[in-house]
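Remarks on the overall topology
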Amino acid sequence: MENNQMDRDLKTRHISMIAIGGSIGTGLFMASGAIISQAGPGGAIAAYALIGIMVYFLMTALGELATFYPVSGSFSAYARRFVDPAAGFMVGWLYWVIWALVASVDIITAAKVLSYWHVFGGIPSLVWCLFFLLLLFLLNAFSVKSFGEAEYWFSFVKVATIIIFLIIGMLMIFGILGDKGAVGLQNFTAGDAPFVNGFLGLLGVLVVAGFSFGGTEVVAVTAGESENPEESMPKAIKQVFWRILLFYIGSIFVIAALIPYTDPRLLNENSDVAMSPFTIIFDNLGILFAATLMNTVILTAVLSAGNSGLYATSRLLYSLSNEGQAPKFLGKLNQRNMPFNALLVTTALIIASIIYAHINMGGYGKLLNMLGTLVLLVWGMSVLSHYRLRRAIKVQNRNDDELLSYKAPFFPLGVIIVGVTIIFLLVGQSFADISSLNWAKLIDSFIPIIIAIVTYFGYKLVKKTKVIKLEDIDLSKHQL
């Protein structure tokens, strides 16, 4: 008999680091400089703090869902079981597109990072992209344990480097390191700082900040391959949130203090990310080796995020296939119990995205905004699934203490905060364009929402699905 169950070889340390690896990458190391440039130091810190609070409640909701129903490709499974099969279809395919595009962006960014070293200048960027993709493919193709170990050490290097960066950055702020004396907080009040472009500047970067935190939720995808999800998931979620909040808020503070928001190296002429602020700071310090080392870590970081992306997308396709929402061949496992066919299809999409990006470079900011919007839609459906689980427990007169081994604190306040924040971000990001009736930008902003609506109602029309009644929601514990 064919074994169609994936191996449960991921331990708590793997799961924690996978989530960190997925969320600390391009968003922190590259896009953070663009956010400071556009919203100022105060706006950037406020954006990350607001998103961080929302992510806390999102992660606790996902922790409850993942321990109650630990399955691979979890987001589509949650929406399918607790909301509507059409919602599961929409979320599954949207999330697959999100991570395929994120992996593409990370690989392209890795190739750009190499341009810091002139010795690599003679090799075309496309060649480097395909090389990096092959490397990540091989890490994912053999076993989940090899992926978990690789991601653990990738992320360990990143975490250690960010801690060192924070220490060196604080020493530079107080004038203990560097030849410029104490920088202090003068860049927080220079020019139009701390809040550049006012409230609209803050609104304009919130979605990109949301993209930066995107990847935190990968911890829920790993539930299907965790040794003991009821024990490991809550621990991993608590650890991941506090680490990410410390790294993001701390790093943004140091960057904003040491680099003026007007520094032209933060953005190029197309308003795209030009150079990592982490590398800029070490360049300013005058320690060439340190800048080179930091750039090496950034290269590792974006490849690590791409590694998590390739992992998540292949599992989502596998899950969609098993639920009859994707072709059957994508739900088959190879001899190593890996969803190899799903991995191949995902890799093909990434190759197509990389080639397209090289044919038509530009629109990096648009891509980040699109990804941010798609991530918000998936997050919104996840907290709706959590809310409906709790409501179903109440309507069916079941005991939540008996059913739930982990309960999200502050329910339903957390769900309300996440829901309101997501709606605010989806509308607020386009407030300036709505006010000025800039139809071209409005269409760009709402394309992801239109795609989600068409996908949802298209599936409903074809399959005649209905929203599941609360009294009909299956509350039986998922058998591992």
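Since we're looking at a predicted model, the values are computed, not measured. Position numbers for residues count from 1 along each chain, tracking the sequence in the order it is written. Reporting of local features is limited, given that this is a predicted model, to residues whose pLDDT is at least 70; pairs of side-chain atoms are given and counted only at 80 or more, and all residues count toward the totals for whole chains, interfaces and linings. To obtain the side-chain values, all non-hydrogen atoms of the structure were included, while hydrogens and water were left out.

1. Some remarks on helix α15 (residues 413-428)
- Note on conventions: DSSP H or I runs of at least 4 residues are helices, E runs of at least 2 residues are strands, and numbering of each starts at the N terminus. For a helix, the expected span equals 1.5 Å multiplied by the number of residues minus one. Compared with the 22 Å implied by 1.5 Å per residue over 16 residues, the 22 Å span of α15 between its first and last C-alpha is a close match.
- Burial classes follow relative accessibility: with a 1.4 Å probe on protein chains only, a residue under 20% of its type's maximum area counts as buried, one over 50% as exposed, and anything between as partly exposed. For α15, the complete set of buried residues consists of Gly414, Val415, Val418, Thr421, Ile422, Leu425, Leu426 and Gly428.

2. Re a nonpolar patch on the surface
- Taken together, the side chains of Leu126, Leu130, Ile351, Ile355 and Ile359 present a nonpolar region at the surface, about 410 Å² in accessible area.
- Breaking the nonpolar patch down by element, the ones donating at least two residues are α5 (125-141) and α12 (340-359).
- If you tally residues by element for the nonpolar patch, the top one is α12, at three residues. Only residues whose relative accessible area exceeds 30% and that form no salt bridge are eligible for patches; like-charged ones are grouped when within 9 Å, while nonpolar side chains (Val, Leu, Ile, Met, Phe, Trp, Tyr) are grouped when within 5 Å. Throughout, the Shrake-Rupley method with a 1.4 Å probe supplies accessible areas, and for residues the shown protein chains are the sole cover considered. The salt bridge criterion pairs a side-chain nitrogen of Lys or Arg with a carboxyl oxygen of Asp or Glu, the two atoms within 4 Å.

3. Here's the deal with the pattern of salt bridges
- What the rule picks out here adds up to five salt bridges.
- Taking the shortest distance from any N to any O, the salt bridge between Arg81 and Asp474 comes out at 3.6 Å. On the criterion of sequence distance, the pair formed by Arg81 in helix α3 (residues 74-82) and Asp474 in the segment after α17 (439-463) is long-range, its members being 393 residues apart.
- For Asp474, a relative accessible area of 40% translates into the label partly exposed.
- The salt bridge involving Asp400 is made with Lys407; its shortest N-O contact spans 3.4 Å.
- According to the relative accessible area criterion, Asp400 is partly exposed, its value standing at 23%.
- According to the relative accessible area criterion, Lys407 is partly exposed, its value standing at 32%.

4. Considering the environment of Lys158
- Mapped onto the fold, Lys158 is located in helix α6 (residues 144-173).
- The class for Lys158 is buried, based on a relative accessible area of 1%.
- In the structure, Lys158 is positioned 144 residues away from Val302 in sequence and 9.9 Å away in space, judged by C-alpha atoms.

5. Considerations on α5
- Here α5 is 17 residues long and its end C-alpha atoms lie 24 Å apart, about the 24 Å a rise of 1.5 Å per residue gives.
- Every buried residue belonging to α5 is among Trp128, Cys129, Phe132, Leu133, Leu136, Phe137, Asn140 and Ala141, and all of these are buried.

6. Quick look at the environment of Gly210
- Turning to its location among the elements, Gly210 is positioned in helix α7 (residues 198-213).
- It is 7.7 Å that separates the C-alpha atoms of Gly210 and Val375, two residues lying 165 residues apart in sequence.
- The criterion used for residue contact is that any of the two residues' heavy atoms lie within 4.5 Å. Residues within four places of Gly210 in sequence aside, it is in contact with Ile51 and Trp379.

7. Description of the packing of helix α4 (residues 85-113) against α12
- Only the stretch in contact is used when fitting a helix axis, every axis being a line fitted to C-alpha atoms; angles between N-to-C directions are given from 0 to 180 degrees. Remark: α4 packs on α12, axes separated minimally by 9 Å, with the N-to-C direction vectors making an angle of 55°. Judged by the angle between their axes, α4 and α12 are oblique. Regarding α4 and α12, the two cross each other, and that crossing is right-handed. In contact with Trp96, Ala100, Leu101, Ala103, Ser104, Ile107 and Ile108 of α4, α12 contributes Val345, Thr346, Leu349, Ile350, Ser353, Ile354 and Ala357.
- Three classes are used, and their members are as follows: Ala, Val, Leu, Ile, Met, Phe, Trp, Tyr, Cys and Pro are nonpolar, Asp, Glu, Lys and Arg are charged, and the others, Gly among them, are polar. Taken together, the residues that form the contact of α4 with α12 break down as eleven nonpolar, three polar and no charged. In these notes the angle categories are as follows: under 35 degrees is roughly parallel, over 145 is roughly antiparallel, 65 to 115 is roughly perpendicular, and the rest is oblique. By convention the crossing between two helices is left-handed if the near helix lies anticlockwise of the far one by an angle smaller than a right angle, and right-handed if it lies clockwise.

8. Description of the side chain of Ser314
- Within the fold, Ser314 resides in helix α11 (residues 288-322).
- Ser314 gets classed as buried once you look at its relative accessible area, which sits at 0%.
- Not counting chain neighbours up to four residues away, the residues in contact with Ser314 comprise Pro339, Ala342, Leu343 and Thr346.

Geometric descriptors of this kind do not, in isolation, establish any biological role.
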